[in-house]
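Breakdown of the fold
In case you want the letters, here they are:
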Number of protein chains: 2
Amino acid sequence: MTKILLAQGGGPTAVINQSLVGAILAARKFPNVDKVYGAVHGVRGIIDQNLVDLGAESAADLELVAATPSSALGSTRDKPDEKYCMEILRVAQAHGIGNFFYIGGNDSADSVRIISEQARALRYPLTCIHIPKTIDNDLTVNDHTPGYGSAARFVVQAFMGINLDNAALPGVYIGVVMGRNAGFLTASSALAKQHLDDGPHAVYLPERAFDAEKFLAEVKANMERHGRCIVAVSEGITDARGVPVAQGLMAKATKDPHGNLELGGGALGDFLGKLVKDRLGIKRVRSDTFGYLQRAFAGVVSDVDQREARAAGEKAVEFAMADARSGTVTIHRSREYAVDYKLSALEDVAAKTKVMPDAFIAASGNQVTEAFHAYARPLLGSDMPRVHRLRQEPVVKV
Amino acid sequence: MTKILLAQGGGPTAVINQSLVGAILAARKFPNVDKVYGAVHGVRGIIDQNLVDLGAESAADLELVAATPSSALGSTRDKPDEKYCMEILRVAQAHGIGNFFYIGGNDSADSVRIISEQARALRYPLTCIHIPKTIDNDLTVNDHTPGYGSAARFVVQAFMGINLDNAALPGVYIGVVMGRNAGFLTASSALAKQHLDDGPHAVYLPERAFDAEKFLAEVKANMERHGRCIVAVSEGITDARGVPVAQGLMAKATKDPHGNLELGGGALGDFLGKLVKDRLGIKRVRSDTFGYLQRAFAGVVSDVDQREARAAGEKAVEFAMADARSGTVTIHRSREYAVDYKLSALEDVAAKTKVMPDAFIAASGNQVTEAFHAYARPLLGSDMPRVHRLRQEPVVKV
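Here goes a summary of the coordinates provided. (Residues numbered from 1 in each chain as written. Chains lettered and ligands numbered in written order. Predicted model: local features only at pLDDT ≥ 70, side-chain atom pairs only at ≥ 80, totals over all residues. Heavy atoms only, no water.)

A word on the overall build of chain A. Helix and strand content of chain A: 13 helices and eleven strands. Against the globule reference of 21 Å for 398 residues, chain A gives a C-alpha radius of gyration of 23 Å, in line with a compact fold. By principal-axis analysis of the C-alpha atoms, chain A measures approximately 85 × 55 × 35 Å. Per-residue burial over chain A gives 64% buried out of 398 residues. Contacts in chain A between residues far apart in sequence, at least 24 positions, make up 77% of those at least 6 positions apart. (Helix = DSSP H or I, 4+ residues; strand = E, 2+ residues; numbered from the N terminus. Rg over C-alpha atoms; globule rule 2.2 N^0.38 Å. Buried < 20%, exposed > 50% of the residue type's maximum accessible area, 1.4 Å probe, protein only. Contact = heavy atoms within 4.5 Å.)

For the rest of this paragraph, the subject is helix α10 (residues 267-280) of chain B. Residues and elements named next belong to chain B. Taking 1.5 Å per residue as the helical rise, α10 with its 14 residues ought to reach 20 Å, and the 20 Å between its terminal C-alpha atoms agrees with that figure. For α10, the set of buried residues is A267, L268, G269, D270, L272, G273, K274, L275 and V276. G281 sits one or two residues past α10 and shows a positive phi near 65°. (Expected span 1.5 Å × (residues − 1).)

Here we come to the side chain of N137 of chain B. Residue and element names in this part refer to chain B. Structurally, the position occupied by N137 is in the loop between β5 (127-132) and α6 (148-168). According to the relative accessible area criterion, N137 is buried, its value standing at 1%. Separated by 2.8 Å, the side chains of N137 and Y375 make a polar contact. Residues in contact with N137, not counting those within four places in the same chain, are D143, H144, T145, Y148, F184, K354 and Y375. (Polar contact = N/O pair within 3.5 Å; in protein donor to acceptor, adjacent residues only side chain to side chain.)

What follows concerns the interface of chain A and chain B. Opposite the 88 residues of chain A that make contact, chain B presents 88 residues. In total, chain A and chain B occlude about 6900 Å² of area from one another, counting both sides; carbon and sulfur atoms represent 62% of this. Of all residues in chain A, the largest losses of buried area upon contact with chain B belong to Y292, L390 and V395 of chain A, amounting jointly to 10% of the total for that side. Counting across the interface, chain A meets chain B through two salt bridges. A salt bridge links R295 of chain B to D165 of chain A, with the shortest nitrogen-to-oxygen separation between them at 2.6 Å. Run the count over chain A and chain B and you get 36 residue pairs in polar contact (both at pLDDT 80 or more). (Buried area = accessible area lost by both parts, 1.4 Å probe. Salt bridge = Lys/Arg side-chain N within 4 Å of Asp/Glu carboxyl O.)

This brings us to the nonpolar core. Counting residues in each nonpolar core, the largest one holds 84 residues, and the members touching the most others are F372 of chain A together with F372 of chain B. Within the second largest apolar cluster, 37 residues are counted, among which are V65, A312, V317 and A320 of chain A. (Core = buried A, V, L, I, M, F, W, Y, C linked by side-chain atoms within 4.5 Å.)

Across its 21 residues, α6 of chain B extends 30 Å between first and last C-alpha, which sits within 8% of the 30 Å expected from 1.5 Å per residue. Across the 21 residues that make up α6 of chain B, a large majority, 20, are buried.

All names here are of chain A. Counted under the stated rule, the structure contains 48 salt bridges over all chains. With its nearest N and O atoms 3.9 Å apart, the salt bridge here joins E318 to K315. With E318 and K315 both in helix α12 (residues 303-323), this residue pair falls three residues apart, about one helical turn. Its relative accessible area of 33% is what places E318 among the partly exposed residues.

Residues and elements named next belong to chain A. The strand order β7-β8-β6-β9 describes an open sheet built from four strands, whose pairing is parallel. What marks the edges here is a single partner per strand, and that holds for β7 (202-204) and β9 (285-289). Across the sheet, the mean angle separating the axes of adjacent strands is 15° when strand polarity is ignored. Judged from the five bridges that link them, strand β6 (residues 172-177) and β9 form a sheet pairing that is parallel. By the bridge assignment, Y173 is partnered in β9 with R286. Relative to the sheet, helix α6 (residues 148-168) contacts β6, β8 (229-234) and β9, its axis offset from that of β8 by approximately 155°. Taken strand by strand, helix α10 (residues 267-280) contacts β6, β8 and β9, and its axis lies near 155° from that of β6. (Pairing = 2+ DSSP bridges. Axes fitted to C-alpha atoms, helices over the stretch in contact; angles between N-to-C directions.)

Have a look at this one:
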């Protein structure tokens with residue numbers, strides 16, 4: 001008989017509970033699984049022994065939780081060091097846990113790696129499996145990660161509306177999108193375009209150095225061409241020296257002797273908006289920072305993402321039960337469009353970051369390629385909204 | 001025979017094209033309607049004679065446009081004075097227009113009022129009808145206005161997700177919602193609550209003076225009670241002297257001798273977040289300004305709002321054809337839940353603002369009443385998402 005411990009780490013997503021429920025329900029099919037525990041608030045809940053018995057949850061209730069965004073067990077930003085991991089292992093041992101599953105990003109994968117190595121060193125039989133999750137889509141080995149498709153869908157639907165709003169009341173619009181190191185989420189904004197003149201007209205990614213002069217020239221060119229300009233900007237854009245633009249703004253604000261204006265969430269968008277206003281003399285300039293709406297908005301979710309997150313949780317349990325080998329579940333694209341799941345080595349994903357490959361970024365540096373469109377399109381899921389225009393047959397002036 | 005001219009003004013909504021299409025299709029049922037023209041970019045399109053022949057649009061295409069957010073004819077922020085209105089009238093006369101319909105808010109209603117009075121003074125037979133539209137829900141006479149239900153639905157779905165995100169990673173979250181003078185949209189955030197401890201835990205409306213000390217005390221009390229706190233704040237909150245808090249911040253920023261930090265879209269949320277951090281010493285404080293996503297997000301719309309916006313457009317044409325009287329279409333709640341449409345006097349709506357009645361605001365000033373819930377609930381439409389929790393049966397510590 002064996003006991004299973006599940007936990008969720010890092011930023012919530014729209015589908016992280018699918019992976020949780022996938023693992024719980026898969027575990028119920030194995031008669032040698034005695035108990036399925038959940039840790040409340042990730043690894044923090046383990047060291048606090050804040051555990052819950054997931055056997056008390058009915059399958060019907062679990063299905064409702066699976067369809068609910070954000071981490072139902074709670075999450076944590078704790079990044080365990082060796083000592084912290086040893087404490088996790090001690091609690092796992094005390095409860096007779098044989099299988100540990102941690103749903104999270106590359107930091108969570110690293111915690112799983114450390115715990116797995118410590119368990120091996122102590123000859124404690126603990127199968128440790130990392131289940132991928134991140135809206136940033138920045139995990140190595142994986143073609144893409146659960147959570148990304150739904151967040152991308154939110155960004156696309158947002159820019160579809162923004163494009164129409166900006167067409168109705170023309171001007172410059174700057175939308176700041178999450179993704180500190182990888183531009184996948186910002187790049188997805190390009191999928192909002194249906195017509196050639198639709199926005200976003202430029203996309204600024206952390207993978208390419210941000211040049212304010214080039215940015216201004218591009219805004220100007222689009223204003224001349226379309227009478228309006230929408231740009232999508234990653235919160236993680238950096239200057240030529242690799243310093244995040246937002247960080248530069250914050251450092252400047254901290255140094256302000258008045259000391260009463262710290263630049264926070266909206267600062268990057270506000271700064272770029274002011275730059276456009278001041279330098280190009282454009283009156284109507286608006287910026288929004290999409291913020292936390294992107295990762296857990298209720299009711300906007302990709303069904304493809306849901307199914308894959310569910311499968312990643314199921315596969316994790318099946319891999320563990322099959323040969324008690326630790327690892328990370330990875331997603332691989334096999335056909336157009338289908339995926340396979342593998343158990344990969346933890347060290348190949350742990351603490352590593354994948355960024356947008358060059359093939360996804362146009363030579364100009366501020367557009368994505370058709371290869372990126374082909375990559376991202378199936379991840380958005382079914383029944384994407386479509387928008388429509390009037391024909392606008394002109395009436396002869398009198 | 002008569003010619004019809006349609007235009008859309010002010011900020012776009014998710015359903016303003018329903019009213020446009022409702023009017024166009026209704027006009028096709030009247031054999032005495034010769035032509036249906038649309039003005040591109042509102043009243044600006046009239047004086048520029050930038051008109052389109054809406055007879056060229058097929059009914060099937062119009063249905064697709066009706067389901068598309070934002071103003072398909074384009075909009076304008078122009079607020080016509082007497083001279084501007086006289087120019088509109090001259091163009092209408094030149095094209096032989098007999099009926100003018102303007103879909104917009106209280107400013108648009110005022111333009112319609114002026115044009116209608118000028119036509120009467122000149123004995124030019126022009127029936128002028130205003131069709132209501134505003135996400136702010138601030139039109140007098142109307143029980144509520146087309147556009148509000150869909151924007152409220154967006155705000156509710158956003159806070160449903162934010163509540164779960166904040167429960168997973170506890171801290172303080174400040175969400176800044178549109179609505180400069182009326183708190184209806186911010187108040188709708190309360191409908192995101194399913195459980196007693198769900199956020200938003202406090203709602204700050206422009207109808208009540210914002211007191212920073214009271215705000216801090218309330219955040220502190222919620223942190224002690226729930227270990228977390230979510231607040232919804234209207235962008236239009238004012239201090240005890242009636243000065244908008246955001247305006248105070250902007251004035252301060254303009255005076256900054258460094259001159260390089262103008263406070264823009266995200267400033268109010270960032271300011272309140274910093275206040276909480278500095279004064280309460282809370283580490284995890286986040287703020288988002290929902291911005292333009294609220295009014296034209298593709299794929300989030302209330303079906304009730306869609307139907308009512310459509311009907312308002314249809315009724316406008318029917319009223320005009322019935323007795324050639326100018327006025328504004330107003331929406332009245334008749335039963336739980338049904339509405340009636342009337343033609344009301346333009347001067348009762350034009351340039352007037354409705355705010356949240358006292359019966360909708362709790363004595364504390366930072367909560368809404370059950371009466372508001374009953375008022376707003378049917379406007380959100382069908383199939384609202386529901387979220388679910390785990391039972392979380394504790395495991396005995398060892």
